[in-house]
Amino acid sequence: MAYTLTVNGRRRTVDVDGDTPLLWVLRDELGLTGTKFGCGAGLCGACTVHLDGTATRSCTVPVEAAAGTAVTTIEALSPDRSHPVQVAWLAEQVPQCGYCQSGMIMAAAALLKETPKPTEAEIDAAITNLCRCGTYPRVKQAILRAAAGA
Amino acid sequence: MTALMTASPRVGRRGFLQGMAASAASLTIGFHLPAKAAGPAAATDGALVNAWLRIGPDGFVTVLSNVSELGQGTSSAIAQVLADELDLDWSRVGTAHAPVEAPYFNPLIQQYAVWGSTGMSTQFEALRKVGAQARAMLVQAAAARWTVAPESCATRDGAVVHDASGRSLGYGDLAVEAAKLTPPAEPALKPKEQWRYIGKGMPRLDLPAKVDGSAVFGVDVALEGLRVATIRQAPVFGGRLLSVDEGPALAVKGVEKVVRLPDAVAVVARGYWQAHKGIEALSPVWDTGDNPKLDSAGVSARLHAALEAGEAKTFPRRDQDPAAQEAATKQALDTAATRFTRTYEAPFLHHATLEPMNGTARMTADGGVELWLPTQNQSQGRLAIAAALGIPAEKVTIHTTLIGGGFGRRIEVDYGVQAALIAKAAGVPVKLIWSREEDTGHGFYRPAAVARVTAGLDADRTLKGMVFEAAAPGLFPYSELGKVERNRTMPVEFTGLMYALRLPYAVGAYRAAYARTDVGVRCGFWRSVGDSQNAFFVESFIDELAVEAGADPVDYRRRLLAQAPRELGVLDAVAAASGWGAALPKGVHRGIALSRSNGSSSAMVIEIGVDGTAVTLRKVWFAIDCGLCVNPDSVKRQIEGGVIFGLTAAMTGKITVAGGAVEQGNFHDVPLMTMAGAPAFAVMVLETGGRMGGVGEEGVAAAAPALANALFRATGNRYRSLPLIDHGFTFAG
Ligand code: FES
Ligand code: FES
């Protein structure tokens, strides 16, 4: 079946089964591989994108439920790594292997939009993405840095 | 990612001397040139292929890294070393993966591979020399162009300058000429005082692509006509595929092919979701082999029984005779006033890299295969894939992708072999992606282990002697590294006794013994390898001895470390930084542990809050002496990540087996620490300037004993088995 959604500002139509998770529409149909597959079960956050501005684990959203929405992926967070979260991420040298980082960054960007000056407890509560490399201390530093506008 | 290779260089499998000095000469210098310019030079001089540096006409320098980038930052560290010798401008440097060719083999192990935290420590001096050679050649080229003496030239920010005449030529203008020159045998190395990049927290070159989604990991590989496959492997260890009805998978829209492998079935489809639906539709029939009754209780019983039955054999230290060690420890224990024996246990553990196992393969027209693999073991991978396809190794080309976490798992190449077999059977290029459940259920696990440690104590509680005996499955029967090691003189018992073999502590007469007890569970190299369980056993035991002696655990260790200056240094550093010994608030407790591996020494203090069974990790102080350090900031991050890795395992980590199969599947039953559970960190990288050691694994081993020792302070109970949740604790976050 054909489904139409807006991805990174462009209207896209894909012909897939309605139960296909948004994650695989982005990766396999649209070639947007910045959004990662970690668990396929909503448990790790590697696949986090913005769905109408809200941080969403795209492996849990079937394309039929995403039709008509606006999706933003890591590729379009900024055209040139200039989003405050990306700037803070590089300043704090957050990533190690980097695999979880697209999801982390998308989750952090959504948090800061909602809560521009989060407390550490608010960061802990909002960012539940898994990072096997253990970048959590740096992720937290980077979010605080972005919030401080530094 | 193992500490296996810490022994001194030795005669290797091909029979020639593989010391650092011998191999440095084989790191031939040259330049990869832009295709157009390279023509004549490349045609006349084969040495040009052996290149570490690609200098574009615009002067941009690409450093070819022979170390898989698993997140440890070594590719950037290699660039730092070369950039320093060459006086490059850091903003005009990039990295790329070097091809799998002999000049890029790691000098210590003579393989294109990285493990044992050796990516930098075994290559540092050779890389400096390569950089200095290139610099000398660029200078010579400029001097010839200007007809001045090379000695009158200097290098600055990617250019050769002649200050006397005010002239300057960028490296991009000189690369073609320089590449034709003979590299000097003994170029002058830049003195340490003039280093600009080595020892500094230079921003990593691989990170920009990791914040905008453009980094290409194994799962991201795109090729013309590429199909996606996923796999279902025999659930029981050693199982085989008996039969499978392909029909239900082929009925799924988008599924193109079902491929049978000896121990698995794969579905090839237009995309991952279709392949997933296809595999879910199948009902393969498995032969369960020899292990259908294997379970965790049986494994534990077998390991305990091995120790009871005296199966552990003394593993001699290099300079000692095992019989003499046995006699000395027997004498010490027999004449001691009391014997103190404790038994510890650790479970199987999984790597759980966030990027699941995957690999991409395309058959080539000449009967070869080209692969794109997230692997840290290119050399062995090539051999294994060649053997599986029945083609010569020269026909296997491996391109290294970025890797979403390794921790030892990507030493194995099972996913690469599968990708090649599936691509061949399907007749199309295939990207094989495992589900998380397959990844969890088909790992190469950190072995479960049981250790019995005995000390002989005098009436005044002084230590007379100590015996460490462990039973655990071996790694070499399963791991790709077993094939490498088979022909080496390194005995297989080594990994089972890491840390325990050569204690930093003066404990009187001592011996370590190991019973390799294979139980049918596939085991492999897990970040910090044998240190990961043995540091828990030893450091818990030393803590118990401190209590027996009525001593503070830091003071007690200090007494036993008089002959171990590096360990004493890190112990004193964490004790001072944490204010060890100061009064703590109610419900707050601390534990300490040491570790030593890959030529580095570490000490860790953890502070926890305990309320009944609810535990909060408050703060970690960690000191590492890794000798000379290329990027201290990067080292700190590696340590933080390693400690989190070790704490995660200590708190909740376990793989259990029932009916011959792994019981865990997705992250709901392989819980990982989250941000809310992570402690605060104070990491100290001691500037001792000694011999360079590893840093990738060193954060892991001390974490479990430090935490268990802190829980003893909190509760008065010793926790001698892991994970700690099995003792009823819950951890915040
Ligand atoms: S892949 Fe979506 S939450 Fe893990
Ligand atoms: S950086 Fe490797 S999983 Fe987070």
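Because the structure is predicted, anything quoted here is derived from the model rather than measured.

Basis of the calculations
Residues numbered from 1 in each chain as written. Chains lettered and ligands numbered in written order. Predicted model: local features only at pLDDT ≥ 70, side-chain atom pairs only at ≥ 80, totals over all residues. Heavy atoms only, no water. Buried < 20%, exposed > 50% of the residue type's maximum accessible area, 1.4 Å probe, protein only. Helix = DSSP H or I, 4+ residues; strand = E, 2+ residues; numbered from the N terminus. Pairing = 2+ DSSP bridges. Right-handed = clockwise from strand over helix to strand, strands pointing away. Contact = heavy atoms within 4.5 Å. Axes fitted to C-alpha atoms, helices over the stretch in contact; angles between N-to-C directions. Domains from an automatic or database assignment. Buried area = accessible area lost by both parts, 1.4 Å probe. Salt bridge = Lys/Arg side-chain N within 4 Å of Asp/Glu carboxyl O. Polar contact = N/O pair within 3.5 Å; in protein donor to acceptor, adjacent residues only side chain to side chain. Nonpolar A, V, L, I, M, F, W, Y, C, P; charged D, E, K, R; others polar. Left-handed = near helix turned anticlockwise from the far one by under 90°. Phe/Tyr/Trp six-rings, centres within 6.5 Å; stacked < 30°, edge-to-face > 60°.

### Section: the pairing of strand β16 (residues 369–373) of chain B
Residues and elements named next belong to chain B.
Here comes step 1: Of all the five residues making up β16, five are buried; the element is thus mostly covered by neighbouring parts of the structure.
Here comes step 2: Neither face of β16 is exposed, since Val-369, Leu-371 and Leu-373 on one face and Glu-370 and Trp-372 on the opposite face are all buried.
Here comes step 3: Bridge count for strand β15 (residues 358–363) against β16 is four bridges, and the pairing is antiparallel. Bridge pairing in β16 places Met-363 opposite Val-369.
Here comes step 4: Counted along the chain from β15 to the antiparallel partner β16, the turn is five residues long, and its residue Gly-367 has a positive phi close to 85 degrees.
Here comes step 5: Here β16 runs beside strand β17 (residues 396–400); their pairing, made up of five bridges, is parallel. In the strand pairing of β17, Leu-373 is matched with Thr-400.
Here comes step 6: Handedness of the crossover is the feature at issue here: the chain leaves β16, passes through helix α11 (residues 378–389), returns alongside β17, and the resulting connection is right-handed.

### Some remarks on unusual backbone geometry
Here comes step 1: Here the amide bond leading from B:Leu722 into B:Pro723 is cis, since omega sits at 0 degrees, within 30 degrees of zero.
Here comes step 2: Within the secondary structure, B:Pro723 sits in the loop between α19 (703–715) and β28 (730–731).
Here comes step 3: The phi dihedral of A:Gln93 falls on the positive side, at around 50 degrees, and the residue is not glycine.
Here comes step 4: The topology assignment puts A:Gln93 in the loop between α3 (84–91) and α4 (101–114).
Here comes step 5: With a phi angle near 60 degrees, B:Phe407 is a residue other than glycine that sits in the positive phi range.
Here comes step 6: With respect to the element layout, B:Phe407 can be found in the loop between β17 and α12 (414–426).

### Points about the environment of B:Gly367
Residues and elements named next belong to chain B.
Here comes step 1: Within the secondary structure layout, Gly-367 lies in the loop between β15 and β16.
Here comes step 2: With a relative accessible area of 36%, Gly-367 lands in the partly exposed category.
Here comes step 3: Remark: the alpha-carbon pair of Gly-367 and Lys-424, spanning 57 residues in sequence, is separated by 9.8 Å.
Here comes step 4: Beyond its immediate sequence surroundings of up to four residues, Gly-367 is in contact with Ile-391 and Lys-395.

### Description of the sheet that holds strand β5 (residues 70–72) of chain A
All names here are of chain A.
Here comes step 1: Overall, mixed pairing links the five strands, which are arranged β2-β1-β5-β3-β4 in an open sheet. Every other strand in the sheet has two partners, leaving β2 (10–15) and β4 (54–57) as the edge strands with one partner each. Neighbouring strand axes in the sheet, compared pairwise and without regard to direction, differ in orientation by 40 degrees on average.
Here comes step 2: Note that strand β1 (residues 2–7) and β2 share six bridges and pair antiparallel. By the bridge assignment, Thr-4 is partnered in β2 with Thr-13.
Here comes step 3: The sheet contacts of helix α1 (residues 22–29) involve β1, β2, β3 (48–51) and β5, and relative to β3 the element is tilted by about 105 degrees.
Here comes step 4: Set on the sheet, α4 makes contact with β3, β4 and β5; between it and β3 the angle comes to about 35 degrees.

### Quick notes on the domain arrangement of chain B
All names here are of chain B.
Here comes step 1: Structurally, chain B comprises domain 1 (13–212), domain 2 (220–289 + 357–433) and domain 3 (298–348 + 445–731).
Here comes step 2: On the side of domain 2, 17 residues touch domain 1, which itself brings 13 residues to the contact.
Here comes step 3: Contact between domain 1 and domain 2 buries roughly 1,200 Å² in total, counting both sides, with carbon and sulfur atoms accounting for 53%.
Here comes step 4: Three residues, Leu-70, His-97 and Val-100, lead the burial of domain 1 against domain 2; their summed loss comes to 41% of the area buried on that side.
Here comes step 5: Inspection of the domain 1/domain 2 interface yields zero salt bridges.
Here comes step 6: Put simply, domain 1 and domain 2 have five residue pairs in polar contact (both at pLDDT 80 or more) between them.
Here comes step 7: A class-by-class count of the residues in the side of domain 1 that touches domain 2 yields seven nonpolar, three polar and three charged.

### Focus on the packing of α11(B) against α12(B)
Think of two packed helices as two axes; the pair is described by the angle between the axes and how far apart they sit.
Residues and elements named next belong to chain B.
Here comes step 1: Interhelical geometry of α11 versus α12 gives an angle of 35 degrees and a closest axis separation of 9 Å. Of the two possible hands of crossing, α11 and α12 adopt the one that is right-handed. Two secondary-structure elements touch here, α11 through Ala-384, Ile-385, Ala-388 and Leu-389 and α12 through Gly-416, Val-417, Ala-420, Leu-421 and Lys-424.
Here comes step 2: Among the residues making up the contact of α11 with α12, the classes are represented as seven nonpolar, one polar and one charged.

### Points about the packing of aromatic side chains
Here comes step 1: In this structure the tally under the stated criterion is 16 aromatic pairs over all chains.
Here comes step 2: When the ring of A:Phe37 is compared with that of B:Tyr272, the centres are 5.1 Å apart and the planes differ by 45 degrees; the resulting orientation is tilted. Of the two residues, A:Phe37 is situated in the loop between α1 and β3 and B:Tyr272 in helix α8 (residues 272–281); the pairing between them involves two chains. In this pair, the class of A:Phe37 matches that of B:Tyr272, namely buried.
Here comes step 3: Considering the side-chain rings of B:Trp90 and B:Tyr197, the 5.6 Å spacing of their centres and the 40 degrees angle between planes classify their relative orientation as tilted. Here B:Tyr197 lies in the loop between α5 (171–179) and α6 (208–211) and B:Trp90 lies in the loop between α3 (74–86) and β4 (93–97), a separation of 107 residues in the sequence. Neither B:Trp90 nor B:Tyr197 differs from the other in exposure class; each is buried.

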